[in-house]
Number of protein chains: 2
Amino acid sequence: MSRMTGQKRPPGRPPRISRDEIVAAAHRIVAEEGVEKLTMRRLAREVGSTPMALYHHVSDRDGLLLLLLEDYAVRAPRPDLPADPRERVIAVATAMRDALAEIPWIMDVLTSGRLFGRSALWFNEQIIAAALDCGLTPEDAVRAYRAIWHYTAGQIIVTSRERAARDRARAATGTTYRERVFGTLDPDEHPALARVADRWEELSVRDDYAAGLRALVDGLVRRA
Amino acid sequence: MSRMTGQKRPPGRPPRISRDEIVAAAHRIVAEEGVEKLTMRRLAREVGSTPMALYHHVSDRDGLLLLLLEDYAVRAPRPDLPADPRERVIAVATAMRDALAEIPWIMDVLTSGRLFGRSALWFNEQIIAAALDCGLTPEDAVRAYRAIWHYTAGQIIVTSRERAARDRARAATGTTYRERVFGTLDPDEHPALARVADRWEELSVRDDYAAGLRALVDGLVRRA
DNA sequence: ACCTGAACACCGTTCAAGT
DNA sequence: ACCTGAACACCGTTCAAGT
């Protein structure tokens, strides 16, 4: 009977919050306060609801993070690619790095084995395709992709945590742990480190992703 | 007066638990149940005490993890090193990888900017020394070290989390997320991935750290 | 169908008191 | 000097009930 009324109103209580609304709110919290502040309780407050209402739209906290990840992946810019296959590997990897470096917390979700989420398969596809165009066998192309991914993931994770630690340390004590270690180095025990000690900190804040990537890619396609 | 009694008994209540005992217990918990089980409450139970008693011997949870890290660093084997500087870089990096791969949870402590803890500076020293012996400038030696560290850290973090996710997924659903993604790949949209899809899983469980490291080091010392 | 409140089983850490 | 117990301010999630 009720199906006959012109307006198609689904049965049951009308929703007060939507999944999109939840993801948008999560987005906001993460951007303004960091992932560690993204709790179900905090998120519920943000959308003006209760923690348990969220579970009706999202499987659990992990599911929420996965939705966020998809959201970022869809938005990530796909650069124009150069014709030369080796340069193409570098261009795609760099684009991937840049997209992820802006949201380093995502590495925790990303590296937990769920890969990229489908919408970011573009990056995988382009790197493998370019590696094959470099003359690598399918097997070596996968190996090359993995090496590049390990380097890229490591670079993002290490540098973002270093930055966070540095900021914290400076705010608290005025010096970083590393500065203290290098400042009190015994040159007899660690002669090589002593030689580079005074430049270490300065070189550590530089972004040398590109140079390392070039070296790695050069080495990987060497024998092709 | 009491100072005069032969036995030098320090004043105050005699300790029931020691720092070493705490670290040993933490060690045990981490080895048997994983880091995520290492809570102050669980640890207190393990040493037969209360959570708050621990704070008398350890600054806080982070301090505890740092003690654990030092413990592992001291124990890590230092391999004999080959004379050839390039091979030396590879030998040290591999030893570092092997030591860390056994305890991947340590990466969380390690990458949070406190470096290695002093007792593991040996690894830094040897890599920088070998890089200098390869003919790199001090500046390039630091850059090379950092690239190697990023690759190594990424390899450990990514592969250990992949393994954990794979085990979890197989236990729960019988297939991994990756198997499902690659099983339903559209060959028109992702031709290169489609070409390698059937070998991806197999290649992903292989340990290709050494090959990637060689490629990276080759690229880094190329122009020297 | 969607939302709520109370409750469970946890955390790390502080504080005041006991021996 | 060392330890304890109670308490604070949190978590994610389950369960039973309400609209």
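Sequence order as written defines residue numbering, which begins from 1 separately in each chain. For naming, the first written chain is A and the first written ligand is 1, with later ones following in the order written. The model is predicted, so local features are restricted to residues of pLDDT at least 70 and side-chain atom pairs to those at 80 or more, both for listing and for counting; the totals for chains, interfaces and linings are taken over all residues. Here the side-chain values reflect all heavy atoms present in the structure, with hydrogen atoms and water set aside.

- As annotated in an unreviewed UniProt entry, chain A is TetR family transcriptional regulator from Actinomadura rayongensis.

**Some words on the UniProt feature "DNA-binding region" (unreviewed entry) in chain A**
Link 1 in the chain: In the numbering adopted here, UniProt assigns the feature "DNA-binding region" (unreviewed entry) to residues 39-58 of chain A.
Link 2 in the chain: Under the scheme used here, helices are H or I runs from DSSP no shorter than 4 residues and strands are E runs no shorter than 2 residues, and both carry numbers assigned from the N terminus. Segment residues 39-58 of chain A splits into 60% helix and 0% strand. End C-alpha atoms: 13 Å apart. UniProt positions are given in the numbering used here, feature names are shortened, and annotations may be inferred rather than shown by experiment.

**Observations regarding the interface of chain B and chain A**
Buried accessible area, meaning the area lost when the parts come together, often serves as the stated size of an interface.
Link 1 in the chain: Should any heavy atoms of two residues lie within 4.5 Å, those residues are considered in contact. On the side of chain A, 61 residues touch chain B, which itself brings 61 residues to the contact.
Link 2 in the chain: The quantity reported as buried area is the accessible area (1.4 Å probe) lost by two parts once they are put together, taken as the sum for both. For the pairing of chain B and chain A, the buried interface totals around 5600 Å² over both sides, and the portion due to carbon and sulfur atoms is 65%.
Link 3 in the chain: Here, a salt bridge means any Lys or Arg side-chain nitrogen found within 4 Å of an Asp or Glu carboxyl oxygen. Taken together, chain B and chain A are joined by twelve salt bridges.
Link 4 in the chain: Two residues, glutamate 162 of chain B and arginine 146 of chain A, come together in a salt bridge whose shortest N-O distance is 3.3 Å.
Link 5 in the chain: A 3.5 Å cut-off defines polar contacts: any pair of N or O atoms within that distance qualifies, except that in protein one atom must be a possible hydrogen donor and the other a possible acceptor, and neighbouring residues in sequence count only when both atoms are side-chain atoms. Summed over the shared surface of chain B and chain A, the number is 15 residue pairs in polar contact (both at pLDDT 80 or more).
Link 6 in the chain: For the side of chain B that touches chain A, the secondary-structure elements that each account for two or more residues are α6 (106-110), α7 (121-133), α8 (138-173), α9 (177-183), α10 (191-204) and α11 (209-221) of chain B.
Link 7 in the chain: In terms of residue count, α8 of chain B provides more of the side of chain B that touches chain A than any other element does, 19 residues in total.

**Some remarks on the domain arrangement of chain A**
All names here are of chain A.
Link 1 in the chain: Where a domain begins and ends is set by an automatic assignment or by a domain database. When the domains of chain A are assigned, the result is domain 1 (13-75) and domain 2 (79-222).
Link 2 in the chain: Between domain 1 and domain 2, the C-alpha centre-to-centre distance is 30 Å.
Link 3 in the chain: Between domain 1 and domain 2, the contact holds eleven residues from the first and twelve residues from the second.
Link 4 in the chain: Carbon and sulfur atoms make up 75% of the area that domain 1 and domain 2 hide from each other, which totals about 950 Å².
Link 5 in the chain: One can count zero salt bridges joining domain 1 with domain 2.
Link 6 in the chain: In this structure, the connection of domain 1 to domain 2 is made through zero residue pairs in polar contact (both at pLDDT 80 or more).
Link 7 in the chain: The element that contributes the greatest number of residues to the side of domain 1 that touches domain 2 is helix α4 (residues 61-75), accounting for nine residues.

**Quick look at the packing of aromatic side chains**
How two aromatic rings sit relative to each other is set out by the distance from centre to centre and by the angle between their planes.
Link 1 in the chain: Ring pairs are drawn from Phe, Tyr and Trp, using the six-membered ring of Trp, whenever the two centres fall within 6.5 Å, and their geometry is named by plane angle: stacked under 30 degrees, edge-to-face over 60, tilted for the rest. Using the criterion set out here, one finds ten aromatic pairs over all chains in the structure.
Link 2 in the chain: Taken together, the ring pairs connect Tyr145 of chain A together with Phe182 and Trp200 of chain B into an aromatic cluster.

**Examining the relation of the copies chain B and chain A**
Link 1 in the chain: Note on the copies: chain B fits chain A at an RMSD of 0.1 Å, the axial shift is 0.0 Å, and the rotation between them is 180°. Put plainly, the chains are arranged around a two-fold axis.
Link 2 in the chain: Taken together, the interface assignments show that 100% of the residues at the interface of chain B recur at the interface of chain A, consistent with an identical surface on both copies. Least-squares superposition of the copies uses the C-alpha atoms of those residues scoring a pLDDT of at least 70 in each of them.

**Concerning the pattern of salt bridges**
Link 1 in the chain: What the rule picks out here adds up to 40 salt bridges over all chains.
Link 2 in the chain: Between arginine 28 of chain A and glutamate 46 of chain A there is a salt bridge, and its shortest N-O distance comes to 3.2 Å. In this pair, arginine 28 of chain A is assigned in helix α1 (residues 19-33) and glutamate 46 of chain A in helix α2 (residues 40-47), connecting sequence segments 18 residues apart.
Link 3 in the chain: The buried label goes to any residue with under 20% of its type's maximum accessible area, the exposed label to any with over 50%, and the partly exposed label to all in between, with areas taken from a 1.4 Å probe on protein chains only. You can call arginine 28 of chain A partly exposed: its relative accessible area is 37%.
Link 4 in the chain: Arginine 86 of chain A serves as the salt-bridge partner of aspartate 218 of chain A, at 2.9 Å between the closest nitrogen and oxygen. Of the two residues, aspartate 218 of chain A sits in helix α11 (residues 209-221) while arginine 86 of chain A sits in helix α5 (residues 85-101), which places them 132 residues apart along the sequence.
Link 5 in the chain: Three or more residues are tied together by salt bridges with common partners; here these are Glu139, Asp140 and Arg143 of chain A together with Arg199, Glu202, Arg206 and Asp208 of chain B.

**Focus: the environment of proline 15 of chain A**
Link 1 in the chain: Relative to the assigned elements, proline 15 of chain A resides in the segment before α1.
Link 2 in the chain: Residues proline 15 of chain A and valine 196 of chain A, 181 residues apart in the sequence, show an inter-C-alpha distance of 62 Å.

**Brief notes about the protein's contact with DNA strand D**
Link 1 in the chain: Residues in close proximity to DNA strand D total 21 residues, the closest being Arg13, Arg41, Met52 and Tyr55 of chain A together with Arg16 of chain B.
Link 2 in the chain: Nearness is judged by heavy atoms alone; a residue qualifies as near a molecule or strand once a single heavy atom is within 4 Å of it. Of what DNA strand D places within 4 Å of the protein, 50% of the atoms are sugar or phosphate.
Link 3 in the chain: Interatomic distance of 3.2 Å between a backbone N/O atom of arginine 13 of chain B and a base nitrogen of DNA strand D.
Link 4 in the chain: Those elements that place two or more of their residues in the surface near DNA strand D are α2 of chain A together with α3 (51-54) of chain B.
Link 5 in the chain: Any residue that is not Ala, Val, Leu, Ile, Met, Phe, Trp, Tyr, Cys, Pro, Asp, Glu, Lys or Arg is counted as polar, Gly included; the first ten are nonpolar and the last four charged. When grouped by side-chain class, the residues that make up the surface near DNA strand D number eight nonpolar, six polar and seven charged.

**Side note on the protein's contact with DNA strand C**
Link 1 in the chain: Inspection of the region around DNA strand C gives 21 residues, with Arg16 and His57 of chain A together with Arg41, Met52 and Tyr55 of chain B positioned closest.
Link 2 in the chain: One of the backbone nitrogen or oxygen atoms of arginine 13 of chain A is found 3.1 Å away from a base nitrogen of DNA strand C.
Link 3 in the chain: If you list the elements that add at least two residues to the surface near DNA strand C, you get α3 (51-54) of chain A together with α2 (40-47) of chain B.
Link 4 in the chain: Residue composition of the surface near DNA strand C, grouped by class: eight nonpolar, six polar and seven charged.

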